[in-house]
Amino acid sequence: MWGLLAEANRRYDFEMLKPANAKMRDQLETEWFNQRRGYMTFEEWHQQLKLRANKGASERD
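Attention here is on the structure that accompanies the text. (Residues numbered from 1 in each chain as written. Predicted model: local features only at pLDDT ≥ 70, side-chain atom pairs only at ≥ 80, totals over all residues. Heavy atoms only, no water.)

**Quick word on the overall build of the protein**
For step 1, the next point in the chain: For the protein, the count of helices and strands is 3 helices and 0 strands.
For step 2, the next point in the chain: Order of helices (α) and strands (β) in the protein, N terminus to C terminus: α-α-α.
For step 3, the next point in the chain: For 61 residues, the compact-globule formula gives about 10 Å, and the C-alpha radius of gyration of the protein, at 15 Å, lies well above that figure.
For step 4, the next point in the chain: By its C-alpha atoms, the protein is 40 × 30 × 15 Å across when sized along the principal axes.
For step 5, the next point in the chain: Going through the 61 residues of the protein one by one, you find that 5% of them count as buried.
For step 6, the next point in the chain: A total accessible area of about 5,800 Å² is found for the protein, and carbon and sulfur atoms account for 58% of it.
For step 7, the next point in the chain: Taken as two groups, the 11 positive and 10 negative side-chain charges of the protein have centres that lie 1 Å from each other. (Helix = DSSP H or I, 4+ residues; strand = E, 2+ residues; numbered from the N terminus. Rg over C-alpha atoms; globule rule 2.2 N^0.38 Å. Buried < 20%, exposed > 50% of the residue type's maximum accessible area, 1.4 Å probe, protein only. Areas by Shrake-Rupley, 256 points an atom, 1.4 Å probe, with all protein chains shown as cover. Lys, Arg positive; Asp, Glu negative; His and termini not counted. Charge placed at Lys NZ, Arg CZ, Asp CG, Glu CD.)

Shown next, in the form of structure tokens:
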């Protein structure tokens, strides 16, 4: 995913990926995640966090 994003940014020079927009980009990402959480139950969200944590731990091994 990041490779695709980096290549698209190289070709099209996306405004939101410029360092000057990092704070705004992070804020929008946080808002998106908060909104997304509103569409799932706590248990579904919790399971996603557990899967992400397990995936991160397995990648470090």
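**A look at the pattern of salt bridges**
Side chains that carry opposite charge are capable of pairing whenever their charged atoms lie near each other.
For step 1, the next point in the chain: Within this structure, the stated rule accounts for 4 salt bridges.
For step 2, the next point in the chain: The residue Glu 7 makes a salt bridge to Arg 11 at a minimum N-O spacing of 2.9 Å. Of this pair, Glu 7 and Arg 11 both sit in helix H1 (residues 2-12), 4 residues apart, which is roughly one turn of that helix.
For step 3, the next point in the chain: Residue Asp 13 pairs with Lys 18 through a salt bridge whose shortest N-O separation is 3.7 Å.
For step 4, the next point in the chain: Relative accessible area serves as the criterion here: at 48%, Asp 13 is assigned to the partly exposed category.
For step 5, the next point in the chain: For Lys 18, a relative accessible area of 28% gives the class partly exposed.
For step 6, the next point in the chain: A single network of salt bridges, built from pairs that share partners, joins Glu 7, Arg 10 and Arg 11. (Salt bridge = Lys/Arg side-chain N within 4 Å of Asp/Glu carboxyl O.)

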